[in-house]
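Results of the structural survey
What follows is each chain in one-letter form.
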Amino acid sequence: MLPETPPSPSDALPDAGFGAAEIPSGLTRPVAGANAAGEVSEPAGGPAPDAEPVATPRVRRTRPAEPAAAAEVPARSRIEVPTPSVVRARERGRVAEQNPVVLRTEMLTKVYGSTVAANEVSFEVHAGSLTGVVGPNGAGKTTTLSMISGLLRPGSGRVSVGDVDVWADGAAAKRLIGTLPDRLRLFDRLTGGQLLYYSGVLHGVAEAEVAKRSGELAEAFGLESALDRLVSDYSAGMQKKIALACSMIHAPDVLVLDEPFEAIDPVSAANVTDILEKYVAGGGSVVMSSHSLELIQRVCDHVVIIVDGSVIAQGTVDDVRDGVSLEDRFRALTGIDESQKGLQWLHGSSDSE
Ligand SMILES: Nc1ncnc2c1ncn2[C@@H]1O[C@H](COP(=O)(O)OP(=O)(O)OP(=O)(O)O)[C@@H](O)[C@H]1O
């Protein structure tokens, strides 16, 4: 039963032990080739792109032990320089290519009257990969992501997560997929805590585990103090964050996120990036759309470019951008500069001249 007051993070988690940007340990997933410490190595047998999804036990991350004694502290402490996201993404892209395919779209098509919103869209996502889906307005990104996450029935084509056909076995697929849909339609007369509670139990997570994960997710997304408030009273960015948290609470294999960074402030965006990077480092996979090509280039290891419903380029970010910035590549592929040429009346002299 739903508690009248949703479980407070502090009640549920006496000492969760996670920093503000740390993803809850229960949400990490195994990666093919990961050792007990969660480090990834290439499989001995080489690439296995069509292998079944990973079924090894989850990788649990533990805190390193405290230094035993002051005498162990080196005379001059080393300054830790964090690896930039872009370097991590490049390395992750290489490793992910060796991992099994967890998500596959095959010839996904959706037609509205005379508009072909998605035209035979086919691509694959490997375990441990962060894939960006980009394209101009109206290109078909939301249509494609909605068909992947089981929210919009394709006209034709197939989408599978592991060996589950999303449109043949929706219930099984929804346990494997976490979704942040376009145009959030949240049950906003619930509190944030209640929304997390329902998202968890409706995905079959045990109540005690939901309480634990809710606390950890609220802490990770900086929403601890907002859990007792109605979601309708949240700001746009807070609503996005609670929706993201809800998409993760059942520790899915794949996150399908439509513009997860929209309306989120820069500090929170860095925090969300960190959460997503840790999720994929634990073996999860993310497919997300964004209009920020700078963000996609920095954070994602793979990219799919869709124009007029069709995939016009896909692969690792480095392969697709081919030595120039992703934005320059995108402009060249989509001809977006060309489409602006007819606006001289706006850019130049006034009508009265
Ligand atoms: N329910 C609908 N009925 C009719 N046409 C639709 C419907 N949904 C989407 N479309 C059309 O399908 C095309 C693709 O839309 P979609 O929302 O997938 O694009 P998008 O790439 O997500 O765009 P944006 O970047 O603006 O969010 C557009 O031409 C859109 O007008």
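Each value, and the rule that gives it
- Residues numbered from 1 in each chain as written.
- Predicted model: local features only at pLDDT ≥ 70, side-chain atom pairs only at ≥ 80, totals over all residues.
- Heavy atoms only, no water.
- UniProt positions renumbered as here; feature names shortened; annotations may be inferred.
- Near = heavy atom within 4 Å.
- Polar contact = N/O pair within 3.5 Å; in protein donor to acceptor, adjacent residues only side chain to side chain.
- Areas by Shrake-Rupley, 256 points an atom, 1.4 Å probe, with all protein chains shown as cover.
- Nonpolar A, V, L, I, M, F, W, Y, C, P; charged D, E, K, R; others polar.
- Helix = DSSP H or I, 4+ residues; strand = E, 2+ residues; numbered from the N terminus.
- Buried < 20%, exposed > 50% of the residue type's maximum accessible area, 1.4 Å probe, protein only.
- Arc of directions from axis to C-beta.
- Expected span 1.5 Å × (residues − 1).
- Contact = heavy atoms within 4.5 Å.
- Pairing = 2+ DSSP bridges.
- Axes fitted to C-alpha atoms, helices over the stretch in contact; angles between N-to-C directions.

Identification of the protein chain as ABC-2 type transport system ATP-binding protein from Leucobacter komagatae is taken from an unreviewed UniProt entry. You can read under Subcellular location (unreviewed entry) in the UniProt record for the protein chain the words "Cell membrane".

**Quick notes on the site of the ligand**
Near the ligand, the surroundings consist of Y112, T115, A117, P136, N137, G138, A139, G140, K141, T142, T143 and H291. The backbone of A139 places a nitrogen or oxygen atom 3.0 Å from an oxygen atom of the ligand. Between the ligand and H291, the relevant distance is 3.0 Å, taken from an oxygen atom to a side-chain nitrogen or oxygen of the residue. Against a free-state accessible area of 630 Å², the protein chains account for coverage of 60% of the ligand. By residue class, the composition of the shell around the ligand is 4 nonpolar, 7 polar and 1 charged.

**Description of the environment of S292**
Among the structural elements, S292 can be located in the loop between β8 (285-289) and α9 (293-299). Classification of S292 by relative accessible area gives partly exposed; the value is 28%. Sequence separation between S292 and F261 is 31 residues; the distance between their C-alpha atoms is 9.0 Å.

**Concerning helix α11 (residues 326-334)**
Within α11 the residues assigned to the buried category are L326, F330 and T334. Projected down its long axis, α11 carries its buried residues within an arc of 55°, all on one side. Positive backbone phi, at 65°, marks G335, one or two positions downstream of α11.

**Re helix α2 (residues 85-96)**
End to end, α2 covers 15 Å across 12 residues, agreeing with the expected 16 Å (1.5 Å per residue, within 8%). Of the surrounding secondary structure, the elements contacted by the buried residues of α2 are β2 (115-126), β3 (130-134), α8 (266-281), α9 and β9 (302-307).

**Section: the sheet that holds strand β6 (residues 177-180)**
The 6 strands lie next to each other as β6-β7-β8-β3-β9-β10, forming an open sheet whose pairing is mixed. Each of the sheet's edge strands pairs with one partner strand only, and the pair in question is β6 and β10 (310-316). Strand-to-strand, the axes of this sheet are offset by a mean angle of 15°, without reference to chain direction. As paired strands, β6 and strand β7 (residues 254-258) are joined by 4 bridges and run parallel to one another. If you follow T179 over to β7, its bridge partner there is V256. Running over the sheet, α8 touches β3, β7 and β8 and is turned about 140° from β8.

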